[in-house]
Amino acid sequence: MLHHISLGVSDIERSAAFYDAALAPLGYVRVWEDLSPGADDQAVGYGVAGGGDKLALKQLSIGQRPPGPGFHLAFAAPDRQAIAAFHAAALAHGGTDNGGPGLREHYGPSYFAAFVIDPDGHPIEAVFNRAV
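Residues numbered from 1 in each chain as written. Predicted model: local features only at pLDDT ≥ 70, side-chain atom pairs only at ≥ 80, totals over all residues. Heavy atoms only, no water.

Okay, the sheet that holds strand β2 (residues 29-34) next. Reading across from one edge, β1-β4-β3-β2 is the order of the four strands in this open sheet, with mixed pairing throughout. Sheet topology places β1 (5-9) and β2 at the edges, where each strand pairs with a single neighbour. Direction aside, the axes of adjacent strands within the sheet are offset by 20 degrees on average. Inspection of the sheet shows β2 paired to strand β3 (residues 43-47) by five bridges, in the antiparallel sense. When the sheet's bridge partners are listed, Glu33 is paired in β3 with Val44. (Pairing = 2+ DSSP bridges. Helix = DSSP H or I, 4+ residues; strand = E, 2+ residues; numbered from the N terminus. Axes fitted to C-alpha atoms, helices over the stretch in contact; angles between N-to-C directions.)

Right, dumping it as structure tokens:
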């Protein structure tokens, strides 16, 4: 249903470093970039190698703010180990813990996830939802 989602960020270099590190354990990479140091409207896109973007980050120095309560973005993970690596990388690159790696049985018996807040305040999650 969704082609891609875009998030506004205040510092594209900081955000790109965060998402490069946090998404790598999940198998996602930067698939394109339009960077012009110092300019607004710079952007980067993430997806699977060789594919199009599913997440785009766009620098907006004025008026950037995360969506309100109830919004979060969940990334599919290949396994539980990738979720732990996602969480560790996110925290090491400026993210804030919002729920460490673990089972969330209230979402389902196999729902394993971790939650972080990115440097601009966007809540993100990595999830693996299969029995092991």
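Moving on, we come to the packing of helix α1 (residues 12-23) against helix α2 (residues 80-92). When two helices pack together, their arrangement is given by the angle between the helix axes and the distance between those axes. Between α1 and α2, the least distance of the axes is 7 Å, while the angle of their chain directions is 160 degrees. Considering their axes alone, α1 and α2 lie roughly antiparallel with respect to each other. Seen from above, α1 lies across α2 with right-handed handedness. Facing Phe18, Ala21 and Ala22 of α1, the residues of α2 in contact are Phe86, Ala89 and Ala90. (Parallel < 35°, antiparallel > 145°, perpendicular 65-115°, else oblique. Left-handed = near helix turned anticlockwise from the far one by under 90°. Contact = heavy atoms within 4.5 Å.)

The terminal C-alpha atoms of α1, which comprises twelve residues, lie 16 Å apart, in line with the 16 Å expected from a rise of 1.5 Å per residue. Among the residues of α1, the N-terminal cap falls to Asp11, whose side-chain oxygen and the backbone nitrogen of Glu13 are separated by 3.1 Å. (Expected span 1.5 Å × (residues − 1). Polar contact = N/O pair within 3.5 Å; in protein donor to acceptor, adjacent residues only side chain to side chain.)

Geometry only, nothing functional implied.
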